[in-house]
Amino acid sequence: MLNHSINCGLFKGSFFCYYNSTMDVKIADSWKKELQSEFEKPYFAELAKFVHDQYLSKTIYPPPRQVFSAFDWCRFEDVKVVILGQDPYHGPGQANGLCFSVGDDVAIPPSLQNIYKEIESDLGKKVPPSGNLERWARQGVLLLNATLTVEARKPGSHQNKGWEQFTDSVIKLLSEKKENLVFLLWGAYAQAKGAMINESKHCVLKAPHPSPFSVYRGFFGCKHFSKANAFLKSIGKKEIDW
C-alpha cells in the first residue's frame, strides 16, 4: 500500500497517485506489471493531468474509481475474449468502466439490448434483466473501450487526448504476449483496431456494430457468441456463459 504522504489527486477515488514525482496508476496488479512502461511515458502523464482537471471542473463518466474497471474485473492472465468499444456511455449513471455495460439498476441501452437479442437467437438464452456485464468479465472477457472517460452528454469529448494510445498498447500487448484469444470486433472503429492483432495467433471475429443504426447490416445473425465458445472449446478452454 502507498503511504499517506502521497498525493492522490484532488478528487475522491483518483485513478493515480504521485510519489516523489513518480506516477502510480491504480490498476489491477496483473496489468500494472505488464503496462508499467506505458505509464512512464510522457503522453500518459499529460493524459492523467487532463483527466484529473476534467473531473475537477466538469461532470465526467465513469466515476474515477471505475476508470480501470475492465482491468480490475478481468486479470491479464485470465483474458480469453476481448470485446472492443469506443466511448463510455455519456448519460448519468450509465458508464461503469466496462464497454457496453451498465449498472444493475440502469436501463439497458439499445446496443446492449441488441447484443442480448443476438445471444438469445444464437444460443437460446433468455435476455437477462440487468445490463451489468461484470459476470462476463469475471469469466475472462475484457470489455475494453478505446477511450476510458467522457464528459457528460458529449460523446467523443475525450478522444485524441491519449486514451487511444494507451488502449492500442493494451491490444498490442495481448496480441504479442498471449495466444488463442478471441477478439470480437463490432463496427468500423473496432475493426480498424484489429490491424494490431496477429490473426495467425488469435481468433478474430468481425461484424457490424450492434447499434440500432447498423444492427441489421449483419450483426444480427453473426453468431459470434457460439463461434467464440466453439473456438474456446476447441483449444481446451472453458466456454463463456453469455
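Residues numbered from 1 in each chain as written. Predicted model: local features only at pLDDT ≥ 70, side-chain atom pairs only at ≥ 80, totals over all residues. Heavy atoms only, no water.

1. Examining the side chain of Glu164
Our working definition: Secondary structure is summarised from DSSP: a helix means a run of H or I of at least four residues, a strand means a run of E of at least two, and numbering begins at the N terminus for each. Exposed residues in this analysis have more than 50% of their type's maximum accessible area, buried residues have under 20%, and partly exposed residues fall in between, with area computed by a 1.4 Å probe over protein chains only. Asp and Glu are treated as the negative residues and Lys and Arg as the positive ones, with His and the ends of the chain left uncounted. Definition used for salt bridges: Asp or Glu carboxyl oxygen within 4 Å of a side-chain nitrogen of Lys or Arg. The criterion used for residue contact is that any of the two residues' heavy atoms lie within 4.5 Å.
Relative to the elements of secondary structure, Glu164 occurs in helix 6 (residues 163-177). Buried charge without a partner: Glu164 forms no salt bridge, and the closest opposite charge is Lys193, 6.6 Å away. What Glu164 contacts, discounting residues up to four positions off in sequence, is Ala146, Thr147, Gln159, Tyr189 and Lys193.

2. What about the packing of helix 1 (residues 29-39) against helix 6?
Our working definition: Here, axes are lines fitted to C-alpha atoms. For helices the fit covers the stretch in contact, and angles between N-to-C directions go from 0 to 180 degrees. Here is the rule for angles: anything less than 35 degrees is roughly parallel, anything more than 145 is roughly antiparallel, 65 through 115 is roughly perpendicular, and the remaining ranges are oblique. Crossings are sorted by hand: turned counterclockwise from the far helix by less than a right angle, the near helix makes the crossing left-handed, and turned clockwise it makes it right-handed. Charged means Asp, Glu, Lys or Arg here, nonpolar means Ala, Val, Leu, Ile, Met, Phe, Trp, Tyr, Cys or Pro, and polar covers whatever is left, Gly included.
Remark: helix 1 packs on helix 6, axes separated minimally by 11 Å, with the N-to-C direction vectors making an angle of 130°. The orientation of helix 1 relative to helix 6 falls into the category oblique. Handedness of the helix 1/helix 6 crossing: right-handed. Contacts from Trp31, Glu34, Leu35, Glu38 and Phe39 in helix 1 reach Gln165, Phe166, Ser169, Val170, Leu173, Leu174 and Lys177 in helix 6. Across the contact of helix 1 with helix 6, the residue classes break down as seven nonpolar, two polar and three charged.

3. Quick look at helix 2 (residues 42-57)
How we decide: Helix span is expected to be 1.5 Å times the residue number reduced by one.
Look at helix 2: 23 Å from first C-alpha to last across 16 residues, which is about the 22 Å you get at 1.5 Å a residue. Listed in full, the buried residues belonging to helix 2 are Tyr43, Phe44, Leu47, Ala48, Phe50, Val51, His52, Gln54 and Tyr55.

4. Some points on the nonpolar core
Rule in force here: We define the nonpolar core as a collection of buried residues of types Ala, Val, Leu, Ile, Met, Phe, Trp, Tyr and Cys that are connected through side-chain atoms lying within 4.5 Å of one another.
Counting residues in hydrophobic clusters, the biggest one holds 73 residues, and the most contacted among them are Trp31, Phe71, Ile83, Trp136, Leu142, Phe166 and Trp242. Those residues in contact with Trp242 that sit more than four places away from it in its chain are Val81, Ile83, Ile119, Leu123, Lys125, Arg135, Trp136, Val141, Leu184, Phe225, Ala228 and Asn229.

5. Notes on the pairing of strand 8 (residues 203-207)
Convention followed: For two strands to be treated as a pair, DSSP must find no fewer than two bridges joining them. Here the term right-handed applies to a crossover when the path leading from its first strand over the helix to its second strand runs clockwise, the strands being oriented away from the viewer.
Burial analysis of strand 8 places four of its five residues in the buried class, the great majority of the element. Pairing of strand 7 (residues 182-186) with strand 8, which is carried by five bridges, proceeds in the parallel orientation. Each bridged residue has a counterpart across the sheet, and for Trp186 the counterpart in strand 8 is Ala207. Following the chain from strand 7 across helix 7 (residues 188-193) to the adjacent parallel strand 8, one finds a crossover that is right-handed.

6. Some remarks on helix 6
With 15 residues, helix 6 should reach 21 Å at 1.5 Å per residue; the first-to-last C-alpha distance of 21 Å fits that figure. Those residues of helix 6 that fall on the buried side of the exposure criterion are Trp163, Glu164, Phe166, Thr167, Ser169, Val170, Ile171, Leu173, Leu174 and Ser175.

7. What to know about the pairing of strand 4 (residues 81-85)
Along strand 4, five of the five residues are buried, which leaves the element largely enclosed by surrounding structure. The side-chain alternation of strand 4 yields two buried faces, one formed by Val81, Ile83 and Gly85 and the other by Val82 and Leu84. Examined bridge by bridge, strand 4 and strand 5 (residues 141-145) share five bridges and lie parallel to one another. Pairing of Val82 across the sheet is with Leu142, part of strand 5. Sheet topology places strand 4 next to strand 7; three bridges connect them, and they run parallel. The residue of strand 7 that forms the bridge with Val81 is Val182.

8. Considerations on the pattern of salt bridges
All told, the structure shown has 10 salt bridges when counted by the stated rule. Of the charged contacts in the structure, one is a salt bridge between Glu151 and Lys58, with a shortest N-O distance of 3.7 Å. In this pair, Glu151 sits in strand 6 (residues 150-151) while Lys58 sits in the loop between helix 2 and strand 3 (60-61), placing the two residues 93 residues apart along the sequence. Look at Glu151 and you get buried, because its relative accessible area is 12%. Linked through salt bridges whose partners overlap, the residues forming this network are Lys58, Glu151 and Lys154.

9. So, the confidence of the model for the chain
Rules: Values of pLDDT, which run from 0 to 100, indicate the predictor's confidence residue by residue.
Of all residues in the chain, 90% attain a pLDDT of 70 or more, and the chain-wide mean is 92. Note on residues 1-7: pLDDT under 50 across the span, and nine contacts to partners over four residues away in sequence or across chains.

10. Things to note about the sheet that holds strand 8
An order of 5-4-7-8 is seen for the four strands of this open sheet, with the pairing classed as parallel. Both outer strands of the open sheet, strand 5 and strand 8, are each paired with one neighbouring strand and no more. The average undirected angle you get between the axes of adjacent strands in this sheet is 20°. Helix-sheet contacts for helix 6 involve strand 4, strand 5 and strand 7, and the interaxial angle to strand 5 is about 150°.

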